[in-house]
Amino acid sequence: MHASTFRRLLNLWPPFFFNSIRVESLDEGYTEARVVLRLRPWNRNYVRTQFGGNLFAMADPFWMLLIIQHLGKDHYVWDKAGTIDFVAPGRADVYAHFKLEPAVLDELRAAAADGEKVLRWFEVPIKTADGEVVAIVRKQIYVRLKPKNR
């Protein structure tokens, strides 16, 4: 699927659409994605800042989605764990930039080549337009070569 089509579909996905999460860009090589969470009256928390669940949601699927596009149907690629560290109150729109390096993909392929499971942590800071870090989201990705390909 073309990345532009996939980006449009993600933007219509209810957890993103109804919470003002928008994929601004997804490159055709599936190596970079930029996501924004707009601060709106319906997605603020009690103290009028970005709701923590939305901060996590905006970062949740992207490492897995980028990796699975490269490893394809020969591998299992799943989210295994995730954490979020809240650094500062989000009082404005916030952004996340995901960049998957080719060397990381090579490492994952090599580590999974013998059929063993591979667990790797990825991290993305969530920032305001001014560059202030609001949160840091870490995701652990599980990769394993499928049995028929071992």
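Q: Break down the pairing of strand E6 (residues 133-145) for me, citing the residues and quoting the values.
A: As judged from the 11 bridges shared by strand E3 (residues 75-86) and E6, these two strands associate in the antiparallel manner. In the strand pairing of E6, His 75 is matched with Leu 145. Looking at chain direction, strand E5 (residues 118-128) and E6 are connected through 10 bridges and run antiparallel. Considered in E6, the bridge of Ile 126 is made with Ala 135. Two successive antiparallel strands, E5 and E6, enclose a turn made up of 4 residues, where Gly 131 displays a positive phi of approximately 95°.

Q: Tell me about the packing of aromatic side chains, and name the residues and values.
A: How two aromatic rings sit relative to each other is given by the distance of their centres and the angle of their planes. Going through the model one piece at a time under the given rule, you end up with 9 aromatic pairs. Here the aromatic rings of Phe 16 and Phe 62 are separated by 6.0 Å at their centres, their planes lie at 20°, and the arrangement is stacked. Of this pair, Phe 16 sits in helix H2 (residues 14-17) while Phe 62 sits in helix H4 (residues 62-71), placing them 46 residues apart in sequence. You'll find Phe 16 and Phe 62 in the same group, each marked buried. Ring geometry for Trp 63 against Phe 122: centres 5.0 Å apart, planes inclined by 25°, an arrangement best described as stacked. Of this pair, Trp 63 sits in helix H4 while Phe 122 sits in strand E5, and the two are 59 residues apart along the sequence. You can call Trp 63 buried: its relative accessible area is 5%. What makes Phe 122 buried here is its relative accessible area of 6%. Site record: aromatic cluster; members linked through ring pairs are Trp 13, Phe 16, Phe 62, Trp 63, Phe 98 and Phe 122. Taking NZ or CZ as reference, Arg 120 lies 5.3 Å from the ring centre of Phe 122, over its face.

Q: I'd like to hear about helix H5 (residues 102-112), residue by residue, with values.
A: Given 3.6 residues per helical turn, the α-helix brings residues three or four places apart onto the same face. Listing the buried residues of H5 in full gives Val 104, Leu 105, Leu 108 and Ala 112. One face of H5 carries all of its buried residues, which in axial projection span an arc of 100°. Of the residues in H5, the exposed ones pointing more than 90 degrees away from the buried face are Pro 102 and Ala 110. The inward-facing, buried residues of H5 abut H4, E3, E5 and E6.

Q: Please provide a residue-by-residue account of the pairing of E5, values included.
A: Judged from the 3 bridges that link them, strand E4 (residues 94-99) and E5 form a sheet pairing that is antiparallel. Residue pairing across strands places Val 94 opposite Thr 128, the latter belonging to E5.

Q: Can you break down the pattern of salt bridges residue by residue, with the values?
A: All chains considered together, the criterion is met by 9 salt bridges. The shortest N-O distance in the salt bridge between Arg 38 and Glu 24 comes to 3.7 Å. Of this pair, Arg 38 sits in the loop between strand E2 (32-37) and helix H3 (52-59) while Glu 24 is found in strand E1 (residues 21-26), placing the two residues 14 residues apart along the sequence. Using a relative accessible area of 39% as the deciding quantity, one classes Glu 24 as partly exposed. Between Lys 139 and Asp 60 there is a salt bridge; the shortest N-O distance is 2.4 Å. Note that Lys 139 is positioned in strand E6 and Asp 60 in the loop between H3 and H4, a separation of 79 residues in sequence.

Rules and cut-offs
- Residues numbered from 1 in each chain as written.
- Predicted model: local features only at pLDDT ≥ 70, side-chain atom pairs only at ≥ 80, totals over all residues.
- Heavy atoms only, no water.
- Pairing = 2+ DSSP bridges.
- Helix = DSSP H or I, 4+ residues; strand = E, 2+ residues; numbered from the N terminus.
- Phe/Tyr/Trp six-rings, centres within 6.5 Å; stacked < 30°, edge-to-face > 60°.
- Buried < 20%, exposed > 50% of the residue type's maximum accessible area, 1.4 Å probe, protein only.
- Lys NZ or Arg CZ within 6 Å of the ring centre and 35° of its normal.
- Arc of directions from axis to C-beta.
- Contact = heavy atoms within 4.5 Å.
- Salt bridge = Lys/Arg side-chain N within 4 Å of Asp/Glu carboxyl O.

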